[in-house]
Amino acid sequence: MKNFLIAGNWKMNKTAKEAVEFAKALKAMKLENEKDVAILVPFTHLFSIADALDGSSIRFGAQNVHYEDSGAYTGEISVKMLKETGVDYCIVGHSERREYFNETDETVNLKLKKLISSGITPILCVGESLETREENLQTEFVESQIIKAFDGIDRVDVNKIVIAYEPIWAIGTGKTATPEEAEEMCRFIREIIQEIYNDSVISEQIMVLYGGSMKPDNAEDLLNKPNINGGLIGGASLKLEDLATIAEIASKI
Ligand code: PEP
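## Here's the deal with the site of the ligand
Lys11, Glu166, Gly172, Ser213 and Gly234 are the nearest of the 14 residues found near the ligand. Taking His94, its side chain carries an N or O atom lying 2.8 Å from an oxygen atom of the ligand. Interatomic distance of 2.8 Å between a backbone N/O atom of Gly234 and an oxygen atom of the ligand.

Below you can see the structure in the form of C-alpha cells.
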C-alpha cells in the first residue's frame, strides 16, 4: 500500500480565528486517514493551530523558515522557533518564494539541512515554468533543482524529505498537469534520487507529491498514479469540504 500525504498550502490566507475554526471543523470530521492530512499555515497561526488540532492526528506546518539559527535577519523565523510550535512540516523552495523572495537552490539546500537536523520534515518544491516546458527542458530543469537541493544530504536523511513536483504553469491557474504528465515527472524524480544515492529502496520510499490545481474532481486520477504519494494543494485546501474530499479519495486508494 502507498503512503499518502494530503497537504494544504494556505499561502497568505485566513486570519488566525478563521484558521482555528477550520482546524476544529476538520478535526470534528474524524477523517479515517487524518494522520496523512496536513495544513501549512501562516506563521502567526502556528501556536493556535497546534491547540486546535490537539487530540487529533492531523499534522500542521509552516510555509518557510530561515537557515540560520538566530541573528540580524529582520522578519525571519528560525527552525528553533518553528520547533517550539510543534510543527511537523515546513515547505521549502515553493515557486512563489523562488520568484518573489529570492529563494535560490543554495538557500533551499541550507534550509533542508537545518530542518532535518531539528526533526521537522521539509516539503521541497520543484517544478518548471511554462517557458521551460514549451522548450521541452522540464526534465533537465527539475533534475538540476533536485541535484542542488540534495547536495551534501546524507543517504540516511533522504527519506526525511518530502518532494512536491509543482509545475509553475499549473499553480493557481486551474490548469492541472495531466495525470500522465504528473506521473512521468514524479517517476523521473525517483530516478534522479536513485542516480544520486544508487539505492532503489530510498528512491522507492521517498514521498513524491504532485501540486498544481488539484481539486476533488481531478484528485482521484492523479492520486491513482503509482509514483504519486499525494498532493500539495493550494486553492482547494482553503475549502474544508474540498480538502476533506481529497483526503477521503486518498484513503480509498
Ligand atoms: C501551491 O501553491 O502549492 C498549489 C499547488 O496551489 P494550487 O493548488 O492553488 O494550484
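Text resumes after the structure shown.
## Considering unusual backbone geometry
A positive phi is found at Asn102, a non-glycine position, where the angle reads about 65 degrees. By the secondary structure assignment, Asn102 is in the loop between helix 4 (95-100) and helix 5 (105-118). The exposure class of Asn102 is exposed, given its relative accessible area of 67%. Unlike most non-glycine residues, Asn136 shows phi in positive territory, near 60 degrees. Residue placement: Asn136 occurs in the loop between helix 6 (130-134) and helix 7 (138-149).

## Brief notes about the sheet that holds strand 2 (residues 37-40)
Strand order around the closed barrel formed by 8 strands is 1-2-3-4-5-6-7-8, with parallel pairing between neighbours. Ignoring strand direction, the axes of neighbouring strands in this sheet form an average angle of 25 degrees. Relative to strand 4 (residues 89-92), strand 3 (residues 59-62) runs parallel, the two sharing 2 bridges. In the strand pairing of strand 4, Ala62 is matched with Cys90. The strands that helix 7 touches are strand 5 (121-126) and strand 6 (162-165); relative to strand 5, the one it contacts most, it runs at about 150 degrees.

## Some thoughts on the packing of aromatic side chains
The geometry of two aromatic rings is summed up by the distance between their centres and the angle between their planes. Applying the stated criterion to the full structure yields 4 aromatic pairs. With 4.8 Å between their ring centres and 75 degrees between their planes, Trp10 and Phe22 make a pair best called edge-to-face. Taken together, the positions of Trp10 in the loop between strand 1 (5-9) and helix 1 (16-28) and Phe22 in helix 1 put the pair 12 residues apart, joining distant regions of the chain. Relative to Phe101, the ring of Tyr100 lies with its centre 6.4 Å away and its plane at 90 degrees, an arrangement referred to as edge-to-face. Assessed through its relative accessible area of 55%, Tyr100 is described here as exposed. The cationic tip of Lys14 hangs over the ring face of Trp10; the distance from NZ or CZ to the ring centre is 5.4 Å.

## Observations concerning the environment of Ala219
Relative to the helices and strands, Ala219 is located in helix 10 (residues 216-223). Note: C-alpha distance between Ala219 and Trp10 (209 residues apart in sequence) is 18 Å. Sequence-distant contacts of Ala219, defined by excluding residues within four places in its chain, comprise Met214, Ile246 and Ile249.

## Brief notes about the side chain of Asn9
Relative to the helices and strands, Asn9 is located in strand 1. At 3.4 Å, the side chain of Asn9 forms a polar contact with the side chain of His94. Contact partners of Asn9, with chain neighbours within four places excluded, come to Leu40, Gln63, Ile91, His94, Leu232, Ile233, Gly234 and Ser237.

## Considering the nonpolar core
Judged by nonpolar contacts, the single largest core of 69 residues is most densely connected at Ile39 and Phe150. The dominant element in this core, judged by the number of residues it contributes, is helix 8 (residues 179-197), at 8 residues. Leu5, Ala7, Ile91 and Leu209 belong to the second largest nonpolar core, which has 13 residues in total.

Quick notes on the rules
- Residues numbered from 1 in each chain as written.
- Predicted model: local features only at pLDDT ≥ 70, side-chain atom pairs only at ≥ 80, totals over all residues.
- Heavy atoms only, no water.
- Near = heavy atom within 4 Å.
- Polar contact = N/O pair within 3.5 Å; in protein donor to acceptor, adjacent residues only side chain to side chain.
- Helix = DSSP H or I, 4+ residues; strand = E, 2+ residues; numbered from the N terminus.
- Buried < 20%, exposed > 50% of the residue type's maximum accessible area, 1.4 Å probe, protein only.
- Pairing = 2+ DSSP bridges.
- Axes fitted to C-alpha atoms, helices over the stretch in contact; angles between N-to-C directions.
- Contact = heavy atoms within 4.5 Å.
- Phe/Tyr/Trp six-rings, centres within 6.5 Å; stacked < 30°, edge-to-face > 60°.
- Lys NZ or Arg CZ within 6 Å of the ring centre and 35° of its normal.
- Core = buried A, V, L, I, M, F, W, Y, C linked by side-chain atoms within 4.5 Å.

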